[in-house]
Amino acid sequence: MSRLEIRSPLPGTFYRASSPDTPPFKADGDAVAASDTIGLIEVMKTFQQIPAGLDGKNITFLVDNEEPVMAGQIIAEVDP
């Protein structure tokens, strides 16, 4: 069975938590619901929440915290 991809909707910097002092929205291995926030994309000092967009289990992040991403880049995968 293939894994489902979560892609970045925007180019910018990907953050897994809302601030350096808070835990990540989701950790590797967590289950996700379509409406769950998995991270933030920062574009020119504006932050956009990134929802999972699908239901799944065992999320695996493919980009690191504070890593630049391109629009359409796969940022995580989940098992259906």
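Just so it is clear, the model here is predicted, and its values are computed rather than measured. (Residues numbered from 1 in each chain as written. Predicted model: local features only at pLDDT ≥ 70, side-chain atom pairs only at ≥ 80, totals over all residues. Heavy atoms only, no water.)

Structural notes on the packing of aromatic side chains
Tallied over the full model, the rule gives two aromatic pairs. Measuring from ring centre to ring centre gives 6.2 Å for F14 and F61, while their planes differ by 35°; the resulting arrangement is tilted. In this pair, F14 is assigned in strand β2 (residues 12-15) and F61 in strand β5 (residues 57-61), connecting sequence segments 47 residues apart. Looking at R16, its charged tip hangs above the ring of F61, at a distance of 3.9 Å from the centre. (Phe/Tyr/Trp six-rings, centres within 6.5 Å; stacked < 30°, edge-to-face > 60°. Helix = DSSP H or I, 4+ residues; strand = E, 2+ residues; numbered from the N terminus. Lys NZ or Arg CZ within 6 Å of the ring centre and 35° of its normal.)

Re the side chain of T37
Position of T37 among the secondary structure elements: in strand β3 (residues 37-43). Residues in contact with T37, not counting those within four places in the same chain, are F25, K26, Q49, I50 and P51. (Contact = heavy atoms within 4.5 Å.)

Re the pattern of salt bridges
For the coordinates displayed, the defined rule picks out four salt bridges. The residue R7 makes a salt bridge to E5 at a minimum N-O spacing of 2.7 Å. Residue R7 is classed as partly exposed on the basis of its relative accessible area of 45%. Since its relative accessible area comes to 37%, E5 is described here as partly exposed. Bridged by salt links that share partners, the residues R3, E77 and D79 form one connected network. (Salt bridge = Lys/Arg side-chain N within 4 Å of Asp/Glu carboxyl O. Buried < 20%, exposed > 50% of the residue type's maximum accessible area, 1.4 Å probe, protein only.)

Concerning the environment of I38
Mapped onto the fold, I38 is located in strand β3. The exposure class of I38 is buried, given its relative accessible area of 0%. For the pair formed by I38 and K57, sequence separation is 19 residues and the distance between their alpha carbons is 13 Å. Excluding its chain neighbours within four sequence positions, the residues that come into contact with I38 are I6, F14, R16, F25, K26, V32, I50, A52, I59, F61 and I75.

None of the figures reported here should be taken as evidence of function without further support.
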